[in-house]
Amino acid sequence: MKEIVVLSGKGGTGKTTLTGVFATLGQRAVLADADVDASNLHILLNPVKEYEEPFYGSQQPVVDQNKCTRCGVCTQLCRFDAIDHGEVDELNCEGCGVCFHGCPEKAITMEPVLSGHLYRGSTPYGPFVWAELGIAQEASGKLVARVKEVAREIARQEDRLLVVDGPPGIGCPVIASVSGASLVLAVTEPTAAGKHDLGRLLSLTRHFGVPLAVCLNKATLDEEMADKIEEFCREEGVKFLGRIPFAREVVKALIHRQPVTEGPVAEAMQEVWRRALSLL
Amino acid sequence: MIVAVASGKGGVGKTTVAVNLALAAEEEVILLDSDVEEPNAHLLLRPEIEKETPVPLLVPVFHRERCTGCGKCIEVCAYHALALIGRELLIFDKMCHACGGCIYFCPEKALTEGERVIGILQEGRAGKVRFVQGRMSVGEALAVPVIKKLREKQGAHTIIDCPPGTSCPVIQAVKGADFCLVVTEPTPFGQHDLRLLIEMLRVLKVPAGVIINRADLGDEEVEEYCRQEGIPVLLKIPFDLEIARSFAAGVPFVARLPRWRQAFSDLWQRLKRKGVRA
Ligand code: SF4
Ligand code: SF4
Ligand code: SF4
Ligand code: SF4
């Protein structure tokens, strides 16, 4: 089973729009949205929900106020300023359980926290797995890992390609999303920030030994910067898959909640996708 | 006044707003770039970096000679960052959240506190803007401790450029701010992520106002949502090739376009007067 993860380093480069187009081209692909903090791909794919599972990503202490003597041991032990003499600050708590282990009165129990939901559905382009992290919840890395696990299982059973829309950044959710990928397809844009973040993404994929290929979105916004990025890829020995022009029609399609399928932009995206597939 | 600049979705112009606001404010402000995974504000602000300090995490150090192999540390670690093979303890650095549990509860004091650097703070200045950014080392997973350290640098007038999204790093960046400027774009993606962020800000009890970027490249739904929710729309920035090119070239657009300098300076005034209700 092959797996392509679409990443951008910086957000807003058009990663999800592109993944939406790839979805329409990637016949027999299983699709997954690993951006669990701000999942957007479902807006384009409009899936019919078939299955839903609660996600318990972490634990939090619950204090039995009858047993608590307000001794303050928990407050001393907690490194995250998350408990004050038996009163838990849920936003600060990292669920480490140190207060639970340390409470002399055994007044604390650790309870699972409902931190989000995972969904599976069908779209005209193939099965789709996505998730939503609850408001102000932690454990996004774990939820990303679960999304990939469920999507991989389907891809394996049905012997299909897996296409994953990844989260922004280079931190814990991204690390969870690249692990085990056959190819990371980076979508960048011709800006100073786009180039900078591409560099960081490259260090990350090298660190984890996953091959990286790059495409440049909205390339016509700044041809000079576009040249610099292509040059950077050449110097670093990274496969450059092509330039996609900027066009307002992309936003128009988005307003109608549909992937772009016609015009020069769509054609450029199709070409990028063909090249990406040839690398697998 | 502490103003956080956030967005539910990346790439909508959050950093551009933060930097332009810092440049347009009349007094000395501190700009904190808390997007420690991808700090970008320096590309626009171009500060002179004067000082770097490492951000350490307090992690366990193992002393084999004292270990009895009792397994208490394994039982305590909620993150599966430890494995015991005979009397050899393996510590998986990247999984350790530095909770200190194994150190506190090892009965033999075979674990002691050590430091592991997971990122740096870089401080400097560009004109009258004091600038501090956090930068997480590549391959590290924990942004929150770097942001926590960064927040210690805030002062009387601080603008915080937040990471995108609504997860733990964002909470750490926004918590305790007096106001949050939420930057969005008028598309279904923008609206979806705006809603998530507004819900998060309600949990954190931070008042919010919205800036719509590329305001003419979309539909009316974001504004409609703001009206319904009683959230003020403070500024609309149209899609403008001149603005887009300034950004691409790494130049803040208030530096090129005086009317935008005025708009941002007015916004700063309104924020200070707390004149921002819907
Ligand atoms: S350690 Fe236990 S008994 Fe003491 S204050 Fe905390 S919860 Fe209460
Ligand atoms: S579980 Fe850990 S972080 Fe949460 S309150 Fe207890 S000691 Fe603090
Ligand atoms: S400090 Fe906490 S997270 Fe790190 S190894 Fe020890 S128990 Fe585990
Ligand atoms: S708790 Fe201390 S003595 Fe027990 S296995 Fe762990 S390191 Fe060794």
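Residues numbered from 1 in each chain as written. Chains lettered and ligands numbered in written order. Predicted model: local features only at pLDDT ≥ 70, side-chain atom pairs only at ≥ 80, totals over all residues. Heavy atoms only, no water.

An unreviewed UniProt entry lists chain B under the name Cobyrinic acid ac-diamide synthase, from Ammonifex degensii.

Identification of chain A as Cobyrinic acid ac-diamide synthase from Ammonifex degensii is taken from an unreviewed UniProt entry.

On to the overall build of chain B, then. Counting its secondary structure elements, chain B contains 11 helices and 11 strands. Counting only C-alpha atoms, chain B reaches 70 × 40 × 30 Å along its principal axes. Per-residue burial over chain B gives 61% buried out of 278 residues. Restricting to contacts in chain B with at least 6 residues of sequence separation, those with at least 24 account for 73%. As displayed, chain B has an accessible area near 10800 Å², and 52% of this comes from carbon and sulfur atoms. Mean positive and mean negative side-chain charge positions of chain B (35 and 35 charges, respectively) differ by 3 Å. (Helix = DSSP H or I, 4+ residues; strand = E, 2+ residues; numbered from the N terminus. Buried < 20%, exposed > 50% of the residue type's maximum accessible area, 1.4 Å probe, protein only. Contact = heavy atoms within 4.5 Å. Areas by Shrake-Rupley, 256 points an atom, 1.4 Å probe, with all protein chains shown as cover. Lys, Arg positive; Asp, Glu negative; His and termini not counted. Charge placed at Lys NZ, Arg CZ, Asp CG, Glu CD.)

Within chain A, the secondary structure is distributed over 10 helices and 11 strands. For chain A, the proportion of its 280 residues judged to be buried stands at 61%. Residue pairs at least 24 apart in sequence account for 76% of intrachain contacts in chain A once pairs closer than 6 positions are excluded. Carbon and sulfur atoms make up 47% of the accessible area of chain A, which totals about 11300 Å². If you average the places of the 29 positive and of the 37 negative side-chain charges in chain A, the two averages end up 5 Å apart.

Attention now moves to the nonpolar core. Counting residues in each nonpolar core, the largest one holds 74 residues, and the members touching the most others are Leu111(B), Val174(B), Val182(B), Leu194(B), Met200(B) and Leu201(B). A per-element tally of this core places helix H7 (residues 188-204) of chain B first, with six residues. If sequence neighbours within four positions are ignored, Val182(B) has contacts with Ala6(B), Leu194(B), Leu197(B), Ile198(B), Leu201(B), Ala208(B), Gly209(B), Val210(B) and Ile211(B). Judged by nonpolar contacts, the second largest core, of 42 residues, contains Ile170(A), Ala176(A), Val210(A) and Val238(A). (Core = buried A, V, L, I, M, F, W, Y, C linked by side-chain atoms within 4.5 Å.)

Turning our attention to the packing of aromatic side chains. As enumerated under the stated definition, the model contains five aromatic pairs over all chains in all. Ring centres of Phe128(A) and Trp130(A) lie 4.9 Å apart, and the angle between their planes is 10 degrees; this geometry places the pair in the stacked category. By relative accessible area, which is 0% here, Phe128(A) ends up buried. With centroids separated by 6.1 Å and ring planes inclined at 80 degrees, the aromatic side chains of Tyr104(B) and Phe105(B) adopt a geometry described as edge-to-face. Its end group placed over the ring of Tyr119(A), Lys49(A) keeps NZ or CZ at 4.2 Å from the ring centre. It is Arg120(A) that lies over the ring of Tyr51(A); its NZ or CZ is 4.8 Å from the centre. (Phe/Tyr/Trp six-rings, centres within 6.5 Å; stacked < 30°, edge-to-face > 60°. Lys NZ or Arg CZ within 6 Å of the ring centre and 35° of its normal.)

Turning to the interface of chain B and chain A, a few remarks are in order. Listed per partner, the contact involves 62 residues of chain B and 59 residues of chain A. For the pairing of chain B and chain A, the buried interface totals around 5000 Å² over both sides, and the portion due to carbon and sulfur atoms is 61%. Of all residues in chain B, the largest losses of buried area upon contact with chain A belong to Glu38(B), Val138(B) and Phe189(B), amounting jointly to 14% of the total for that side. Our enumeration of links across chain B and chain A arrives at one salt bridge. The shortest N-O distance in the salt bridge between Arg79(A) and Glu113(B) comes to 2.3 Å. In this assembly, chain B and chain A are joined by 16 residue pairs in polar contact (both at pLDDT 80 or more). Here the side of chain B that touches chain A takes 10 residues from H7(B), the largest share from any one element. Its residues assigned to classes, the side of chain B that touches chain A comprises 32 nonpolar, 15 polar and 15 charged. (Buried area = accessible area lost by both parts, 1.4 Å probe. Salt bridge = Lys/Arg side-chain N within 4 Å of Asp/Glu carboxyl O. Polar contact = N/O pair within 3.5 Å; in protein donor to acceptor, adjacent residues only side chain to side chain. Nonpolar A, V, L, I, M, F, W, Y, C, P; charged D, E, K, R; others polar.)

According to the domain assignment, chain A contains domain 1 (3-46 + 124-279) and domain 2 (58-114). Averaged C-alpha coordinates put domain 1 of chain A and domain 2 of chain A at centres separated by 40 Å. (Domains from an automatic or database assignment.)

Quick look at the site of ligand 1 now. Looking at ligand 1, there are 14 residues lining it, with Cys68(A), Cys71(A), Gly72(A), Cys74(A) and Cys103(A) nearest. Of the residues assigned to the shell around ligand 1, the class counts are eight nonpolar, four polar and two charged. (Near = heavy atom within 4 Å.)

Time to look at the sheet that holds strand E9 (residues 179-184) of chain B. Residue and element names in this part refer to chain B. Ordered in space as E3-E6-E7-E2-E8-E1-E9-E10-E11, the nine strands form an open sheet in which the pairing is mixed. Since the sheet does not close on itself, it has two edges, and those belong to strand E3 (48-62) and strand E11 (233-237), each with one partner. Direction aside, the axes of adjacent strands within the sheet are offset by 20 degrees on average. Sheet topology note: the strand E6 (residues 111-126)/strand E7 (residues 129-136) ladder contains eight bridges and is antiparallel. Within E7, the position partnered with glycine 119 by the bridge is methionine 136. Along the sheet, H7 contacts strand E1 (2-6), E9 and strand E10 (208-213); its crossing angle with E9, the most-contacted strand, is approximately 170 degrees. (Pairing = 2+ DSSP bridges. Axes fitted to C-alpha atoms, helices over the stretch in contact; angles between N-to-C directions.)

Locating Glu149(A) in the fold gives a position in helix H5 (residues 140-158). Each C-alpha atom of the pair Glu149(A) and Pro245(A) lies 35 Å from the other, and the pair is 96 residues apart in sequence.

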